[in-house]
Amino acid sequence: MVKHIILWTLDPELTEDEKNKVKEGIKAGLEGLVGKVPGLLDVKVHISGRLESSTADVLLESTLESPEALKNYSTHPEHVAVASTKVRPYTSLRSCLDFEI
C-alpha cells in the first residue's frame, strides 16, 4: 500500500471567506473520489483546526493499493477534473510525500 500526502498553501490574495469556500470545495472534491478511482482506498482532507504555527492550509492524506494505483490516480480523469477546477487555481504552494506502508 502507498500513502500519498499533500500539503497546499492557498493563494494569499484570497479573502478568509474565499479560502473557507475553496477548502470546502477541495475536501468535497477529493474525498468524493473514493469509489470512483480504482485503487484509491481512503481519502481524508484536513481543513479545520489549523494552528497559527502552521505553514500550510490544507492536508490531503490518502491511501492507495500500490505505486501503480498512485500513478493511475494522478492521471485519472475524475482526479484531473478536481485538481484542475478545485485545487490548482487557488493554491500557491504544493508539497508531496509518497511512501509505501
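What you see is a predicted model, and the numbers here were worked out from it, not measured in a lab. (Residues numbered from 1 in each chain as written. Predicted model: local features only at pLDDT ≥ 70, side-chain atom pairs only at ≥ 80, totals over all residues. Heavy atoms only, no water.)

Below, the discussion takes up the overall build of the protein. Within the protein one finds three helices and four strands. Listing each helix as α and each strand as β along the protein from the N terminus yields β-α-β-β-α-α-β. Taken over C-alpha atoms, the radius of gyration comes to 13 Å for the protein, in line with the 13 Å a tight globule of 101 residues would show. Along the three orthogonal principal directions, the C-alpha set of the protein runs to about 40 × 25 × 20 Å. For the protein, the share of sequence-separated contacts (at least 6 apart) that also reach a separation of at least 24 residues comes to 68%. For the protein, the accessible area works out to roughly 6100 Å², and carbon and sulfur atoms hold 53% of it. Of note, the protein has its 12 positive side-chain charges centred 2 Å away from the centre of its 16 negative side-chain charges. (Helix = DSSP H or I, 4+ residues; strand = E, 2+ residues; numbered from the N terminus. Rg over C-alpha atoms; globule rule 2.2 N^0.38 Å. Contact = heavy atoms within 4.5 Å. Areas by Shrake-Rupley, 256 points an atom, 1.4 Å probe, with all protein chains shown as cover. Lys, Arg positive; Asp, Glu negative; His and termini not counted. Charge placed at Lys NZ, Arg CZ, Asp CG, Glu CD.)

What follows concerns helix α3 (residues 77-87). Within the sequence span of α3, burial applies to His79, Val82, Ala83 and Val87. Considered in projection along α3, the buried side chains sweep an arc of 95° and stay on one side of the axis. Buried residues along α3 sit against β1 (2-10), α1 (16-31), α2 (67-75) and β4 (91-100). (Buried < 20%, exposed > 50% of the residue type's maximum accessible area, 1.4 Å probe, protein only. Arc of directions from axis to C-beta.)

This paragraph deals with the side chain of Lys19. Considering the arrangement of structural elements, one finds Lys19 in helix α1. Dropping the residues within four chain positions of it, Lys19 is found in contact with Leu10, Asp11, Pro12 and Leu14.

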